[in-house]
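An overview of the molecular structure
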Amino acid sequence: MTREGHRPISRAKIIFSQVLACFALDFLLIGLGMSISFVTMVLPEVLDAKEGLSINKKEASWFGSMAFLCQPLGSIFTGPILDQFGRKKALFIVNIPHLIAWLMMYYAWNVPSLFFANALLGIGTGIMEAPSVTYVGEVSDSSIRGTLTTLTNLFTAMGIFIAYLLGTVLPWRQAALVALIIPVTTMLLVLFVPETPVWLLSKGRPKEALSSLCRLRGWAQPEDVKEEFEQLLQYNDNIKVCVVCSKDGDFSPGLCRHQNSGLIKRISYKIKNVLLVKETIRPFLLVMAYFLFHTMSGLAPVKPNMVNVCKTLGMGYNPKTIVVLVGVVTITTSLLSALIVKSIGKRKLVLTSLFGMAVCSLGISVYASSTLSPNASSYDPETFPNKKEMLPVVLFMSLVCFHGLGIPWVLLSEVFPFRSRGIATGLAAALSYVIFFIASKTNYNFENIFTLSGTFAIYGIFGLVGTFYLYLFLPETENKSLVEIEAFYKGNKKIFADDFLINAFRKKKSNYTVESNDAVKPMIL
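Okay, so let's go over this structure. (Residues numbered from 1 in each chain as written. Predicted model: local features only at pLDDT ≥ 70, side-chain atom pairs only at ≥ 80, totals over all residues. Heavy atoms only, no water.)

**Re the overall build of the protein chain**
Our working definition: Numbering of helices and strands runs from the N terminus, with a helix taken as a DSSP run of H or I at least four residues long and a strand as a DSSP run of E at least two residues long. Only protein chains enter the accessibility calculation, which uses a 1.4 Å probe; a residue is then buried when its area is under 20% of its type maximum, exposed when over 50%, and partly exposed in between. Every residue pair with non-hydrogen atoms within 4.5 Å of one another is taken to be in contact. Here, Shrake-Rupley sampling with a 1.4 Å probe gives the accessible areas, and only protein chains in the shown set may cover a residue.
The number of helices and strands found in the protein chain is 21 helices and zero strands. Across the 525 residues of the protein chain, 54% fall into the buried class. Residue pairs at least 24 apart in sequence account for 82% of intrachain contacts in the protein chain once pairs closer than 6 positions are excluded. Looking at the protein chain as shown, the accessible area adds up to about 23,500 Å², and 66% of this sits on carbon and sulfur atoms.

**A look at helix α4 (residues 96-107)**
The test is simple: Expected helix span is taken as 1.5 Å per residue step, with the number of steps being one fewer than the number of residues. The directions from the helix axis to the C-beta atoms are what the arc is built from.
Its 12 residues place the ends of α4 17 Å apart at the C-alpha level, agreeing with the 16 Å of an ideal helix rising 1.5 Å per residue. Within α4, the full set of buried residues consists of Pro97, His98, Ala101, Trp102, Met104 and Met105. Each buried residue of α4 sits inside an arc of 165° when the element is viewed along its axis, so together they form one side.

**What about a nonpolar patch on the surface?**
Note the threshold: To count toward a patch, a residue needs a relative accessible area over 30% and no salt bridge; like charges are then connected within 9 Å, while nonpolar side chains (Val, Leu, Ile, Met, Phe, Trp, Tyr) are connected within 5 Å. Counted as salt bridges are all cases of a side-chain nitrogen of Lys or Arg within 4 Å of a carboxyl oxygen of Asp or Glu.
A contiguous nonpolar surface patch, about 390 Å² in accessible area, is contributed by Phe16, Leu20, Phe23 and Trp219. With respect to the element layout, Phe23 can be found in helix α2 (residues 23-46).

**Quick notes on the pattern of salt bridges**
One pass over the structure, following the stated rule, counts five salt bridges. Between Glu389 and Lys387 there is a salt bridge, with its nearest N and O atoms 3.1 Å apart. On the basis of relative accessible area, Lys387 is assigned to the exposed category, the value being 57%.

**Observations regarding the side chain of Ser140**
As a reminder of what qualifies: Pairing of N or O atoms within 3.5 Å defines a polar contact, subject to two protein rules: one partner must be a possible hydrogen donor and the other a possible acceptor, and residues neighboring in sequence count only if both atoms are side-chain atoms.
Relative to the helices and strands, Ser140 is located in the loop between α5 (111-139) and α6 (142-169). In terms of polar contacts, Ser140 uses its side chain to reach the backbone carbonyl oxygen of Val136, at 2.6 Å. Dropping the residues within four chain positions of it, Ser140 is found in contact with Gln18, Arg145, Leu148 and Arg217.

**Describing the packing of aromatic side chains**
Rules: Only Phe, Tyr and Trp rings take part, Trp by its six-membered ring, and two of them pair if their centres are within 6.5 Å. Stacked means planes under 30 degrees apart, edge-to-face means over 60, and tilted covers everything else. In our convention, an over-ring charge means Lys NZ or Arg CZ found within 6 Å of a ring centre and within 35 degrees of that ring's normal.
The full count for this structure, using the stated rule, is 12 aromatic pairs. Geometrically, the ring pair formed by Tyr106 and Tyr107 is edge-to-face, given 4.7 Å between the ring centres and 80° between the ring planes. Ring geometry for Phe291 against Phe436: centres 6.3 Å apart, planes inclined by 75°, an arrangement best described as edge-to-face. Of this pair, Phe291 sits in helix α14 (residues 278-295) while Phe436 sits in helix α19 (residues 418-473), and the two are 145 residues apart along the sequence. On the basis of relative accessible area, Phe291 is assigned to the buried category, the value being 0%. A residue is classified by how much of its surface remains accessible, and Phe436, at 14% relative accessible area, is buried. One aromatic cluster is present, built from ring pairs that chain together Phe446, Phe450, Phe456 and Tyr459. One residue, Arg347, lies across the ring of Tyr471, its end atom 5.0 Å from the ring centre.

**Section: the packing of α4 against helix α8 (residues 181-190)**
Basically, it comes down to this: Fitting a line to C-alpha atoms yields each axis, with helices limited to the stretch in contact; the angle taken between N-to-C directions then spans 0 to 180 degrees. Oblique is the label for any angle not covered by the other classes, which are roughly parallel (under 35 degrees), roughly antiparallel (over 145) and roughly perpendicular (65 to 115). Throughout, a crossing is termed right-handed when the near helix is turned clockwise from the far one, and left-handed when it is turned anticlockwise from it by less than a right angle. The residue classification treats Ala, Val, Leu, Ile, Met, Phe, Trp, Tyr, Cys and Pro as nonpolar and Asp, Glu, Lys and Arg as charged. All others, Gly included, are polar.
Between α4 and α8, the shortest axis-to-axis distance is 9 Å and the interhelical angle comes to 160°. For the element pair α4 / α8, the angle class is roughly antiparallel. Of the two elements, α4 crosses α8, and the hand of that crossing is left-handed. Side by side, α4 and α8 meet where Ile96, Leu99 and Trp102 of the first sit next to Pro183, Val184 and Met187 of the second. Residue classes in the contact of α4 with α8 are distributed as six nonpolar, no polar and no charged.

Given below as structure tokens:
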């Protein structure tokens, strides 16, 4: 019902208001993409360089993975920042480390300062992840949340492309100076975005929460968002109930003896009853498994040394041109995933991405085994082949395409309940960076032990195992509200995925069990 003479808000206006709210976030993600990819352009310039800063092979393996190692340090702070300052202020604060890091990268005077600048980029990236995925998840409604969260991949991909492009047309120091524009612009844009309604309600600011919700739903009137706001109020009342008291049947909001306990006891209550509960643990383990399989399926481990990998495979184009093309393809596939996620769902997108990466990695392995010398190494320029081929270009770019369709960060934005969202998201981001570090650091060791062919074979196996695992356990969350997703993980289902093959198997197994029980009953009687 609407007031007489009051026109309902158009759907286009509602969508536009949410897209506009995410505009500052988009710039933040561009900066994030630049920070995680910049090392790819610096590494080949400083590896055994004749002039200026120079690093050796072992230092190169550490330099390529240094940012990933330090990202968990940033992620540790992300939960307290989110909960204490709110999503909006967090989006402002997280840019400060990158401001310092880009300046240090420009002025790097020796190898330790270069490493420190890269480490600071990693810390800044670690702080950025949770606020970015949390914000877009909380400001968008369920009908477009899948598209908006998937679009975050697009802007991260744009940052990757810009980093590759800057590294191609400018010396790496000047490129670092240009990169300063992104965090400065982001901090200015954040000043104009609204805080998320659910966080404002959690802090006892209902009037501001209603105003924020009206703005996020097309600058609507309060009566236009009455139903959604009442649902948020109900949800806020539920999360204010002490989780320990609720288990005893007391659902009264407000302070209780548990909340008046000492700091140590309150922390232990929160760990036990907020973090170590199935609605947090179940999605946490599932998301971390996805991060592991997605990261170890081929592209992520070789990214820091991608220019030299292209040279080792004997690609038919200039390696730096290939790297820029990787950025373009990543943008294209990220946009494609945002366009198709609503129609095919996140589950099919994830499985297609993983299986495609597995096939491409195995294809590269077969090519390297049949074409390259056994001692060919991306860390030894003397082993690079002179012969140039187009097949490795096709295989590698196909790997990039399927990698770009992956959406681990999108799932991270929606699967955790509000009580644990800040801490759980930060912890998941921290562990994901540990996985990234291990993947990139061990790439050097894998090549030394198993050769380039064996390394990509290992990555392909990871992709196949991941496809099978997530086929069994990954549920579909597209078009589900955050409240519905939280309720889903509170359930008692052992196999989450709703798939016709899994359902058919379970039905057949159930029928077999019933028949077996019927056959046994006469014997018991």
